[in-house]
Amino acid sequence: FTNSSTIVVLKPTGQAMSEEGFKTVVEKEGAYDGVKIRLDKDVIRLQKGGTGFAGSGTQVESKATFDLGVGSGLADSRGQQRG
């Protein structure tokens, strides 16, 4: 990824991926990792935030919040070991 890469987040799974990967895999299949993805509601395109340097002067702010991933959002099991 570079500063010019567009990143999308899939709400049902919480996965982030490049827009190119999204168009290649998810848009064609209509699903990702066995979970159906509604293209109109389940995809968040992230705004690019400048150079990546903290002092770049670019201000990016969230307008809405919601839980990502499977379940209630109380337990995040993506890539983490349980037990």
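Up top is the structure these notes are about.
Each value, and the rule that gives it
Residues numbered from 1 in each chain as written. Predicted model: local features only at pLDDT ≥ 70, side-chain atom pairs only at ≥ 80, totals over all residues. Heavy atoms only, no water. Helix = DSSP H or I, 4+ residues; strand = E, 2+ residues; numbered from the N terminus. Contact = heavy atoms within 4.5 Å. Pairing = 2+ DSSP bridges. Axes fitted to C-alpha atoms, helices over the stretch in contact; angles between N-to-C directions. Salt bridge = Lys/Arg side-chain N within 4 Å of Asp/Glu carboxyl O. Buried < 20%, exposed > 50% of the residue type's maximum accessible area, 1.4 Å probe, protein only.

**Looking at the overall build of the protein**
Part 1: Helix and strand counts for the protein stand at 1 helix and 5 strands.
Part 2: Start at the N end of the protein and walk to the C end: the helices and strands fall as β-β-α-β-β-β.
Part 3: Put simply, of all contacts in the protein between residues at least 6 apart along the chain, 46% involve residues at least 24 apart.

**Quick notes on the sheet that holds strand E5 (residues 43-45)**
The pairing of strands in a sheet happens through backbone hydrogen bonds and is either parallel or antiparallel.
Part 1: Spatially, E2-E1-E5 is the arrangement adopted by the 3 strands of the open sheet, whose pairing is antiparallel. Because the sheet does not close on itself, it has two edges, and the strands there are strand E2 (16-18) and E5. On average, each strand axis in the sheet is inclined to that of its neighbour by 30 degrees, with strand direction left out of account.
Part 2: Sheet topology note: the strand E1 (residues 7-10)/E5 ladder contains 3 bridges and is antiparallel. Its bridge partner lying in E5, Val8 is registered against Arg45.
Part 3: With respect to the sheet, helix H1 (residues 19-29) is in contact with E1, E2 and E5, its orientation differing from that of E2 by roughly 100 degrees.

**Considerations on the pairing of E1**
Part 1: When E1 meets E2, the two strands line up antiparallel, connected through 3 bridges. Looking at E2, one finds that Val8 is bridged to Met17.

**Some remarks on the pattern of salt bridges**
Part 1: All told, the structure shown has 2 salt bridges when counted by the stated rule.
Part 2: The partner of Arg38 in a salt bridge is Asp42, and the shortest N-O contact between them spans 3.0 Å.
Part 3: On the basis of relative accessible area, Asp42 is assigned to the buried category, the value being 5%.

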